[in-house]
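The residues making up each chain are set out below.
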Amino acid sequence: MNSVLGRRTRILAATTATAGLLLVAGCSSDDEGKTTTANGVELVQGGQITTCTHLPYPPFQSEVDGKVQGFDVSLIDLVAEDLGVKQEIRDTPFENFKTGAFLNSDQCDLAAAGMTITEERKKNVDFSDPYFDATQAVLADKKSGIGSFADLKGKKVGAQAQTTGEEYAKGKGLDPVSFESSDAVLNGLRTGQVEAVVIDYPVVQGWLKDKANADAFEVADNINTGEQYGFSVKKGNTKLVDAINKALTDAKADGTYKRLYEKWIGPYDESAAGDSSASPSAAS
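Residues numbered from 1 in each chain as written. Predicted model: local features only at pLDDT ≥ 70, side-chain atom pairs only at ≥ 80, totals over all residues. Heavy atoms only, no water.

Chemist: Sorry, what's going on with the state of the cysteines here?
Modeler: Should the sulfur atoms of two cysteines be covalently bonded, the bond is a disulfide. Under the criterion given, the structure shown has one disulfide. A sulfur-sulfur separation of 2.0 Å characterises the disulfide bridge that pairs Cys-52 with Cys-108. Judged by the sign of its S-S torsion, about 65 degrees, the cystine formed by Cys-52 and Cys-108 is right-handed. In this pair, Cys-52 is assigned in strand S5 (residues 48–53) and Cys-108 in the loop between helix H4 (101–104) and strand S9 (110–111), connecting sequence segments 56 residues apart. According to the relative accessible area criterion, Cys-52 is buried, its value standing at 1%. (Disulfide = S-S within 2.5 Å. Helix = DSSP H or I, 4+ residues; strand = E, 2+ residues; numbered from the N terminus. Buried < 20%, exposed > 50% of the residue type's maximum accessible area, 1.4 Å probe, protein only.)

The following block contains the structure:
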């Protein structure tokens, strides 16, 4: 990923009605401003759960009209509701999620960024149960003649830096152009910098809702890489992991997960919902 460490970190309030109306009763604060909720979860700042993300990455999180929203945002709002706090969102460089830097420095309680659970990342952070099964898509210019991943050899290919899509492309012998964000990936395709991109399929689904994109580009391939998304926390923060897992389990049981999936992603695919009863260590 191109370094964006120099850009100003922005704090952005989560904007669902739930997050805005939550009470902070039942919390106690220490001298450093941290809060321990009634559930025994310690938060880095009183009255809120602070989420690190990297914008934009629709449909999981993006800023629209000054409001951050998306599938990840809505799921963490459920965690915040259970804890009796609101959610605040901090826009940070994606590389911090791999190292856990912002978690270890107590700038955030958790990271939610459409992030794949990997063995390498688990060395630095702890993950929740998987909440989404993802595939990689090849989105190509209709005029490119690209009809499969195999056709990418010798073509100009793009990917988002520091993502599993980029890693997959490199692992297959490609040398993709790295773009800092998903918006930059799409712009690279639109402007002809690349002929195709490798990126998470849900992102492609969102792009193709725009008629101009659907007229110009098509899904040339969909690759099941066995990826599962998880929310990450500072290593050893088992109480917060438990709180996240409980919210995910409850949401799947009472239909809330399905409703949010259909709102942000599309027709509900139960096979893509992950397995909230599975250990994140089983994910790859």
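Chemist: Please clarify how helix H2 (residues 71–83) should be interpreted in this entry.
Modeler: Given 3.6 residues per helical turn, the α-helix brings residues three or four places apart onto the same face. Between its terminal C-alpha atoms H2 stretches 19 Å, which fits the 18 Å expected from 13 residues at 1.5 Å a residue. Within H2, 11 of the 13 residues are buried, which leaves the element mostly enclosed by the surrounding structure. Listed in full, the buried residues belonging to H2 are Phe-71, Asp-72, Val-73, Ser-74, Leu-75, Ile-76, Asp-77, Leu-78, Val-79, Ala-80 and Leu-83. Phi for Gly-84, located one or two positions after H2, is positive at around 75 degrees. (Expected span 1.5 Å × (residues − 1).)

Chemist: Mind showing me how you'd approach the packing of H2 against helix H9 (residues 238–254) here?
Modeler: Packed helices, taken two at a time, are described by their axes: the angle between them and the distance between them. In contact at an axis separation of 9 Å, H2 and H9 are set at 110 degrees when each is read in the N-to-C sense. As summarised for this structure, H2 and H9 are arranged roughly perpendicular, according to the angle between their axes. Between H2 and H9 the crossing geometry is right-handed. Residue-level inspection shows Leu-75, Leu-78, Val-79, Asp-82 and Leu-83 of H2 in contact with H9, the latter providing Leu-240, Ala-243, Ile-244, Lys-246, Ala-247, Leu-248 and Ala-251. (Axes fitted to C-alpha atoms, helices over the stretch in contact; angles between N-to-C directions. Parallel < 35°, antiparallel > 145°, perpendicular 65-115°, else oblique. Left-handed = near helix turned anticlockwise from the far one by under 90°. Contact = heavy atoms within 4.5 Å.)

Chemist: What is the right way to read unusual backbone geometry from this model?
Modeler: Negative phi is the rule for most residues except glycine; trans is the rule for most peptide bonds. For the bond running from Leu-55 to Pro-56, omega is -10 degrees, close enough to zero to count as cis. The residue Pro-56 is located in the loop between S5 and strand S6 (62–64) in this model. That bond from Pro-58 to Pro-59 is cis: its omega, 5 degrees, falls within 30 degrees of zero. For Pro-59, the position within the fold is in the loop between S5 and S6. A positive phi angle, near 55 degrees, is found at Asp-65, a position not held by glycine. Structurally, the position occupied by Asp-65 is in the loop between S6 and strand S7 (67–69). Although it is not a glycine, Asp-106 sits at a positive phi angle of roughly 60 degrees. Relative to the helices and strands, Asp-106 resides in the loop between H4 and S9. Look at Asp-106 and you get partly exposed, because its relative accessible area is 30%.

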